[in-house]
Number of protein chains: 4
Amino acid sequence: MSEIKVGIVGLGRLGKVHARNIAFKIPGAKLVAACSIMEAELQYAKEELKVSETFTSYKEMLEKADLDAVAIVSSSPCHCDQIEKALAKGLHVFTEKPLGVDVEECKKAEKAVEAHPDQVFFLGFMRRFDPSYSYAKKKIEEGAIGTPYMVKATGIDPEAAVEGAIKFAPTSGGLFIDMSSHDVDLIRWFLGSEVKEVYALGANFKHPEFLSCNDTETGAALFQLENGGIAELHVGRTAAHGYHIETEIVGTEGSIRISPVPEKNLAILYDRYGARQECVESFPERFDEAYLLEMQEFIQCIIEKKKPKLSVYDGTRATEICFAMKKSFEEKRLVKLGE
Amino acid sequence: MSEIKVGIVGLGRLGKVHARNIAFKIPGAKLVAACSIMEAELQYAKEELKVSETFTSYKEMLEKADLDAVAIVSSSPCHCDQIEKALAKGLHVFTEKPLGVDVEECKKAEKAVEAHPDQVFFLGFMRRFDPSYSYAKKKIEEGAIGTPYMVKATGIDPEAAVEGAIKFAPTSGGLFIDMSSHDVDLIRWFLGSEVKEVYALGANFKHPEFLSCNDTETGAALFQLENGGIAELHVGRTAAHGYHIETEIVGTEGSIRISPVPEKNLAILYDRYGARQECVESFPERFDEAYLLEMQEFIQCIIEKKKPKLSVYDGTRATEICFAMKKSFEEKRLVKLGE
Amino acid sequence: MSEIKVGIVGLGRLGKVHARNIAFKIPGAKLVAACSIMEAELQYAKEELKVSETFTSYKEMLEKADLDAVAIVSSSPCHCDQIEKALAKGLHVFTEKPLGVDVEECKKAEKAVEAHPDQVFFLGFMRRFDPSYSYAKKKIEEGAIGTPYMVKATGIDPEAAVEGAIKFAPTSGGLFIDMSSHDVDLIRWFLGSEVKEVYALGANFKHPEFLSCNDTETGAALFQLENGGIAELHVGRTAAHGYHIETEIVGTEGSIRISPVPEKNLAILYDRYGARQECVESFPERFDEAYLLEMQEFIQCIIEKKKPKLSVYDGTRATEICFAMKKSFEEKRLVKLGE
Amino acid sequence: MSEIKVGIVGLGRLGKVHARNIAFKIPGAKLVAACSIMEAELQYAKEELKVSETFTSYKEMLEKADLDAVAIVSSSPCHCDQIEKALAKGLHVFTEKPLGVDVEECKKAEKAVEAHPDQVFFLGFMRRFDPSYSYAKKKIEEGAIGTPYMVKATGIDPEAAVEGAIKFAPTSGGLFIDMSSHDVDLIRWFLGSEVKEVYALGANFKHPEFLSCNDTETGAALFQLENGGIAELHVGRTAAHGYHIETEIVGTEGSIRISPVPEKNLAILYDRYGARQECVESFPERFDEAYLLEMQEFIQCIIEKKKPKLSVYDGTRATEICFAMKKSFEEKRLVKLGE
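Quantities reported herein were computed from a predicted structural model and do not represent experimental measurements. (Residues numbered from 1 in each chain as written. Chains lettered and ligands numbered in written order. Predicted model: local features only at pLDDT ≥ 70, side-chain atom pairs only at ≥ 80, totals over all residues. Heavy atoms only, no water.)

Enquirer: An account of the overall build of chain A is needed here, citing residue identities and associated values.
Expert: Per the secondary structure count, chain A includes 13 helices and 15 strands. A compact globule built from 339 residues would reach a C-alpha radius of gyration of about 20 Å, and chain A, at 20 Å, matches this within 12%. A principal-axis box enclosing the C-alpha atoms of chain A has dimensions of 50 × 50 × 45 Å. Within chain A, the fraction of its 339 residues that count as buried is 62%. Of the contacts made within chain A by residues no fewer than 6 positions apart, 70% connect residues no fewer than 24 positions apart. Only carbon and sulfur atoms are counted for the fraction: they give 51% of the accessible area of chain A, which is about 12600 Å². For chain A, the distance from the average site of its 42 positive side-chain charges to the average site of its 53 negative ones is 1 Å. (Helix = DSSP H or I, 4+ residues; strand = E, 2+ residues; numbered from the N terminus. Rg over C-alpha atoms; globule rule 2.2 N^0.38 Å. Buried < 20%, exposed > 50% of the residue type's maximum accessible area, 1.4 Å probe, protein only. Contact = heavy atoms within 4.5 Å. Areas by Shrake-Rupley, 256 points an atom, 1.4 Å probe, with all protein chains shown as cover. Lys, Arg positive; Asp, Glu negative; His and termini not counted. Charge placed at Lys NZ, Arg CZ, Asp CG, Glu CD.)

Right, here's the structure in full:
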C-alpha cells in the first residue's frame, strides 16, 4: 500500500510536535499539506518539514490538497467543525482533545462520525499510548492488581508556564474544562466504568488573577462511578518543580502508581540540596513518545482498516464529566452526570 | 525533681508499646502500676516490665497506687470516663485516641480538662511526633513550600490484618470513625484551618463482610476548609504491600510528601521481581519512634509544667469531622460541620 | 541537500535497530542497501525496511550500490577491514564498537581514517548520546559537581541472556574485551583523562562454563588515571533483575548517578513483593533512544560537514584499556597502559 | 538478676551517645561511673546522666567503682591497654573500634581476651546492628540473593566535617586506617571469607592539606577474597550532600543495596530544585539505632552469659586489612595479607 497522505491544521506548539512526527518519524505516513493562519508557521512547514502545499484556509486545504487524512491541532472551538468537514470529504481524522468545547458540539461530532463508519476517527488522548500508562493497563489486564476500584489522578502544570494560563483564563473554559479531560479519560479507562456523580472544589492561594474570571488555580474532585468505584482528582497550574502528571490505580490485590517523581531522566544529583532528580518541564517533554505512538496507531488504523480503541463517545464522556465538575465547583454542590 | 510515677490502663498491642516505653526508655518516668482485665497482661507487666502493682479495676488503681500520671490505652468507650476520673484525682493524663466515641463524650472530656487547668492533658496523635512529620512541619514553618493549601492523605491498613478489622467491624464505629482520625488531625495541623464541609464515599470490592454491617472497606473524602484550603483523604483496610500511611502537603511554592514508599528500612532488593523495597507491616513498626517521642513529650510537659501543643479540642474536632464523614457516606450528600 | 544514502552491513539484533532508525526515523537519511550473509535478514530488509538493493557480499555492495555512507554492524572481526574498504571508496562510515578486535587492528583503522580526513568516521559509543548520560555531561560542564575525579561504572547483562554469553564465550574475547568498552569510554569521557594503570579481578560463582574457556562471569577493575583520578568498574553477565547499566561520576562539589534502578518505565507496583519497579531487559530496550540519537548525529555530521566528537582514537584507547584489563586478570598483577 | 553496673571511659561525641544509651535506654543496665580527662564531660555525666561517680583516672575508676562492665570510648591509642586492664579486673568489656592502633596491639588484645574466656568482650562494629544491615544479613541467610560473592562498599564523611578531618590528619593514621574498618568488617561479614590481596589508590582534588601529611581525601580499593569473592571500596571525606554510607552485596540470584540515598527521613520535597530528599549529616544521626542495639546486645550477652558473634579476631582482621590498604596506597602495588 502506498503512503498515507496527511494534511495538518494548526502548527502551534503541539501542532509542530504532531507535524514533525508525521513528516519524519512514521513509516507509511507523509505530511503533504499544512494549514495555519500564521504565516511563520507555514514558512516552518515548508522549510523544516518539507511540506509541499500550505494553506491559510482549512476549506481550501480540503479542496485542493491530495489527502487521505487530516490531523486537527487547531484551537479547540474549531475542532468539531473541522472534524465534520474532513469526514464529509471522505478523509480519516485525527483530532486533538477536546472533541468539542461543549457537549452539544460533541454530539454533533458523534453524528458525523456515525455517518462515516468506514473512516478512521481518532481522538488524541495520548496518555493511553505513553509506555508507562500502557504498561499499567496491560499489567491490570493480566490481573496484577486484581480488580481496579479506585483511581487517584494528579495533573499540575508548571508554575513556569502560569503566565500563559492566566492570559488564556478568560477564554480557556477554566481549569476543569481546560486541564482535566486527560485525567477524566484515564479514570474511565482504568476503572472501566462511567462516572455517576461528582463533587469538585477549587483553591486559589497564589494568583488572584484566576479568581477574577471565575476560574481557579487548583481544583480537586471526588467521583462516584457506576460500578461502585471511586476516583480522586487534583489539578493545578502552579507546580514549582515542573510538569507533574501522576496517576495511581488501586485494585483489590495491589496498586500501580505512575510517575510520582516526574523525573527528567535517570540521573540523580547528590549535592548540597540533597539527593535529587530534576523534573520534566512541559507536556511535550513528558509525553514526547506518547504523541508519536498515538500518531503511529492512527496511521496503522488507516492502513489495517481497524477501529481505534478510543471512540468519539470517549470524547463526549470526558467533556460531559469536565462540565459536571465545573458546575459542581461553581454551584458548590454534588452534580449527577446527565442531570 | 523525682521520677514521674505512671500507671497504665490497657495492655493490648499498643498498650504494651506505651508500657515498655514508660518502663524502660524515658528518663524521668517510672511505670509503677498497670491495670487490665486480662490476667495474662498483668502477668506480663509484673514479669517483663517489673511493675510493682497491678490491678483489675481502674478505680482501685487510682485509689491505691501512688501515681503522678496515668496513660489510658484501654478500649475506646472507656477513654472519656477514665480521663475524668484521673483528672478528678489530680493526675496528669495521657490518652490514646479517640478522645471519645462520640462528640458528646468529647465535650464532657473538654469540661473535665478545663476544670483542671494545671494538670497536663495529652492526646496521643503520635504522627505529629514522627520524625518525618515533624520535619515536614518544621520545613513548612520555615517557609519551604510557601503557604500550605492542600493536604492529600492516605491511610491503609494491611490486608494481612483484615480479619481483625472484619471481626471488629460491628463495634468499631466503621472505617471513618475507626481509621480516619489521625489523618483528619494531620489535615487540620498542616493547613492550620478548620474543616467546613465534607463529602465522603465508600467502595467495597474485596470483603463483602464490611457491607453487612454498613461499613466499607475503602473510603474517600473531599474536604473544604474554612481558609479556602482543600483536603483529600483515602482510607482503607486492604493494602497488599503492608501498612501504608502517606501524606502530601501542597503549598504555593512546593510540596512535601511523606512516605510514598512505606519502606521497612533502607535496603533495596534487586531480584527477579525487579528493584524493590519491602514495606512496614503495622502501625507499631511504622510509628515506633513516634510513640516513644510523644510519651517523652508527655513526661517533659509534666516536668516542665508546660502545655502540650495538642489540646483536648483537637480531639473533639477530629471526632466531629470523622462523624461528619460517616454521615456523608451514609446519607450520600455533602455534610457541613456543625450542621 | 538531497538525502544521505546509506548502506548497512549486518542485520542481527543491533543491526535491525540501526537499519530501522536509518530507514524510518531520521530526516535526511535513506536506507538504500543492505548486506548480510543470512538470507532471512535480507528478506527482512526488503519487506520490512523497503530496501531496494540487498547483497550477500560487502565488496559487491560497495561496488554496485549508490551510497554516501555505510553503517557497519557486522561481527567484530570484520569491522576494521570494512572500515578501510568503505573509506577507500570515499564513503562516510558509521561503525559499531569495537573499532577492532585487537590494538593492531585499531591502529590500521586509525591510519585509514587519517587518510580520509574529509569523510565522517563515527564510532558507535551510543551511551554518550543517551539523554541521561548527555544530561550528566552537560551538568558537569556547567560545574554542577565541581571537578570530576572518580567514576564508578557498572554494566551487567541479564541472567536471562546468559546462555548466549556462554555459547559465545570461546570466541567473544572474554568479559573484559566483550563487555567493558562502553564503560571504559565513559570513564575517559567523564574524567577527561587517560588510564595509566589497571588492576582487574574476576569472580565465577554461578556458571562454571565461563571458567573452562578462561573467561569469567563477573569482573571488577580499579583504574588509576593520568590526572590523578580513579575509576572502579564492575561488569558481569548474571543480573537477576534485568539489564543493569549504572554510572556515578564523583566530583569535588557533588555526584551524579545514572540509573541506580534500571526502571522499565515510570510505573511502581505496590503488591505482596513490596514497592517495586520492573527493570529493562536488554540493551536495545535501555538504549533505544541513544541508538537513534547517535545515528541522527552521524547523518548530521555528514550534512553539516562537521567532525564527530568521538574519534577513531577513542576506539583505540578503549580497546587498549580492555586488553590491559584482560592481561591484569589473567596475569594477576597490575598492568600499566602501554607497557 | 540485678542490673549490670557499667562504667564508661571517654565522653566525646560518640562517648555521649553510648553513655546516654546505657544510662537511660537499656533495661538491665545502669551507668554508675564515668571517666574523662575533660572536666566538662564529667560535669555532663553528673548532671545530665545522673552518674554518681566520676573519675579523671581510668585506673582509679577500675579500682574504686563498683562495676560489672566497662564501655571504652576513649581515643584509639588507649583502647588496647584499657581492654587489658578491665579484663584483668574481671570486668566485661565493650570497646569502640579500632581494637588497636596497629596489628601488634590487636594481638595483645587477643591474648587478653583469650585469658578471660568467661568475660564478655564486645567490639563496636555497630553497623552489623543497624536494622537495614541486619535485615540484609538475614535475607542473605534465607537465600534471597543466592551465594553472595561481591561487596561494593562506600563510606564518605560529609564535607561539612572536613575541617576536623584535616586537623586530625597528622595523627589519625590516615584515611585507610581511620575510615575503612567498618566497611572492611562488612566485607568480611557479608562474604564470609578473608581478604587475600588488596590494591588501593588515593585521589586528592579538593583539600591539598591531606597530601602534606601523606594522607588522601578519597580512597578506592579492590580486594580479592580467599573464596574467590571480590570487594570494591570507596572511602572519602568530602560528600556535599551529607554522610554517605552505602553497601551492596551481590549474589548469584540477586543483590541487596543498602542506603543509596542516605535519606534523613521519609519526606520528599518537590520544589524548584526538583524532587529531593535531604540526607543524614553525621554518623550519630545515621547509626543512632545501631548504637543502641549493639549496647543492648552487649548487656544481653552479659545477662545471658553468651558470646557475641563479633570476636576480638574480627577486630584484628579489620586492622590488618586497613594497614594492607595503607601499604598498597603508599607503595603503589598489590599487597598480600600477611606478606
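Having put the structure on the table, let's press on.
Enquirer: Lay out the confidence of the model for chain A with the relevant residues and their values.
Expert: Taken residue by residue, chain A gives an average pLDDT of 96. The fraction at 70 or more is 100%. The ipTM value of the predicted complex is 0.96, and its pTM value is 0.97. (pLDDT = per-residue confidence, 0-100.)

Enquirer: Please set out the interface of chain A and chain D residue by residue, giving values where relevant.
Expert: Between chain A and chain D, the contact holds 16 residues from the first and 16 residues from the second. For the pair chain A and chain D, the summed buried surface comes to about 1200 Å²; carbon and sulfur atoms form 63% of the total. Broken down residue by residue, the surface that chain A buries against chain D is led by Tyr270(A), Tyr273(A) and Ala275(A), which jointly contribute 43%. Taken together, the connections running from chain A to chain D amount to 0 salt bridges. For the pair chain A and chain D, the interface holds 6 residue pairs in polar contact (both at pLDDT 80 or more). Those elements that provide at least two residues to the side of chain A that touches chain D are β13 (267-271) and β14 (274-277) of chain A. (Buried area = accessible area lost by both parts, 1.4 Å probe. Salt bridge = Lys/Arg side-chain N within 4 Å of Asp/Glu carboxyl O. Polar contact = N/O pair within 3.5 Å; in protein donor to acceptor, adjacent residues only side chain to side chain.)

Enquirer: Explain the relation of the copies chain B and chain A to me, using residue names and the numbers behind them.
Expert: Of the transformation superimposing chain B on chain A, the axial component is 0.0 Å and the angular component is 180°, with the fit at an RMSD of 0.0 Å. On this basis, the relationship between the two copies can be described by a two-fold rotation axis. Of the C-alpha atoms belonging to chain B, the one lying closest to the rotation axis is found on Leu222(B), 3.2 Å away. A share of 100% of the interface residues of chain B reappears at the interface of chain A, consistent with the copies meeting face to face through the same patch. (Least-squares fit on C-alpha atoms with pLDDT ≥ 70 in both.)

Enquirer: Quick rundown of the side chain of Thr319(C)? Include the residues and the values.
Expert: All names here are of chain C. Structurally, the position occupied by Thr319 is in helix α13 (residues 312-331). Of note is the side chain of Thr319, whose polar atom sits 3.0 Å from the backbone oxygen of Gly315. In contact with Thr319, other than residues within four places in its own chain, are Gly100, Asp102, Val103 and Cys106.

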